[in-house]
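Given next are the chains, with one letter for each unit.
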Amino acid sequence: MSKQARSWLNGFLDMLAAERGAAKNTLEAYERDLEDYLSFAASQGGPAAATADDVRAYLVELSERGLKASSAARRLSAVRQFHRFLYTEGLAGTDPTAAIEGPRLGRPLPKVLSVAEVDKLIGTAQQMAEQEGQSPAARARTVRMRCLIEMLYATGLRVSELIALPLSAATTRERFLVVRGKGDKDRLVPLNEAARVAAAAHLALLREQGAADGRWLFPSDGESGHLTRQAFGRDLKSLAAAAGLSPAKVSPHVLRHAFASHLLQNGADLRVVQELLGHADIATTQIYTHVLDERLKSMVRDLHPLMDGDS
């Protein structure tokens, strides 16, 4: 990549951070995708000289590499935004992506755990946390996991929001938390009694072990100072296996989906779920309407006077 292309990429990333409040993980994802594109564009004369045919050739190369349509669409989105930035800043005379159509995507439905499966996970976490004879390190992990899963299912937080909860989240007397999400926007999320109890137990253990003098509810020795999403993901898959569930089916994001879907199944308004999840656009939340569709079908089947038992 040329120095000029690197300078333009840095300027684009600065714009995303300053004007859109993009999170660190988002910026890193854009940087990885665009470094790959700019390496390709360098062989075509650089990004300022790129044509629509060059961008199409890049998409063909992605397909030949075996990238899924969803991954190619994400990569194209980054390329579009980068070229739009170059054009609006006067760094390029045209936007070659304006006439490019993205890969056709199906409408993926989120993976969702049933209420019974979530109950299994939580029940197993509780049993492991209360198990006698654990070493101090093992006890710390199991009590932390119980707190993590109770908090996640109670709030529907993003995993990045969950692992970075402040210590005060375990001491609040309120029935809600104020969470800072994407774009540094604050929102209220519910906090049920089970989550409060699990958080109190976790905090008590931190104090017992002399680890409650920092700022994080889930402290770690790593660079961030708090638990990483990778560590939580690994521990959650181990919990799934212990609960008799497929580890491939369980992840922090799947539990966030379960939170939203189970609310809708029980009659929650889609706008309320949008607010709880921290979605800026309700179109993002509408992926959960398949749950509503099934609920409405069952209501018609069970309650409509003209439906017979064989329909």
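Heads up: the structure comes first, above all this text.
Please read all numbers here as calculations on a predicted model, not as lab measurements. (Residues numbered from 1 in each chain as written. Predicted model: local features only at pLDDT ≥ 70, side-chain atom pairs only at ≥ 80, totals over all residues. Heavy atoms only, no water.)

Q: Please give an account of the pattern of salt bridges that cites residues and values.
A: Between side chains of opposite charge, pairing is possible as soon as their charged atoms come close. Within this structure, the stated rule accounts for 16 salt bridges. We note a salt bridge from Glu31 to Arg6, for which the minimum N-O separation is 3.2 Å. Here Arg6 lies in helix H1 (residues 3–20) and Glu31 lies in helix H2 (residues 24–42), a separation of 25 residues in the sequence. Measuring nitrogen to oxygen at the nearest pair gives 2.7 Å for the salt bridge that ties Arg65 to Glu61. One network of salt bridges, with partners in common, ties together Asp33, Asp36, Glu61, Arg65, Arg74 and Arg75. (Salt bridge = Lys/Arg side-chain N within 4 Å of Asp/Glu carboxyl O. Helix = DSSP H or I, 4+ residues; strand = E, 2+ residues; numbered from the N terminus.)

Q: Could you give me a rundown of the pairing of strand E1 (residues 176–180), with the residues and numbers involved?
A: Burial of E1 is one-sided: the residues Leu177 and Val179 facing one way are buried, the residues Phe176, Val178 and Arg180 facing the other way are not. Strand direction decides the pairing type here: E1 and strand E2 (residues 186–190), joined by five bridges, are antiparallel. Pairing of Arg180 across the sheet is with Asp186, part of E2. Between E1 and the antiparallel strand that follows it, E2, lie five residues; Gly183 among them carries a positive phi value of about 70 degrees. (Buried < 20%, exposed > 50% of the residue type's maximum accessible area, 1.4 Å probe, protein only. Pairing = 2+ DSSP bridges.)

Q: Before we move on, could you go through the environment of Val179 and cite the residues and values that matter?
A: Of note, Val179 is situated in strand E1. Expressed as a C-alpha distance, the spacing of Val179 and Ala169, which sit 10 residues apart in the sequence, is 9.6 Å. Excluding residues within four positions of it along the chain, Val179 makes contact with Leu157, Glu161, Lys185, Asp186, Arg187 and Val189. (Contact = heavy atoms within 4.5 Å.)

Q: Could you give me a rundown of the side chain of Arg146, with the residues and numbers involved?
A: Its location among the elements puts Arg146 in helix H6 (residues 136–155). Despite its burial, Arg146 remains without a salt bridge, the nearest opposite charge being carried by Glu130 at 4.0 Å. Once residues within four sequence positions are removed from consideration, Arg146 is found in contact with Ala125, Gln126, Ala129, Glu130, Val197 and Ala198. (Lys, Arg positive; Asp, Glu negative; His and termini not counted.)

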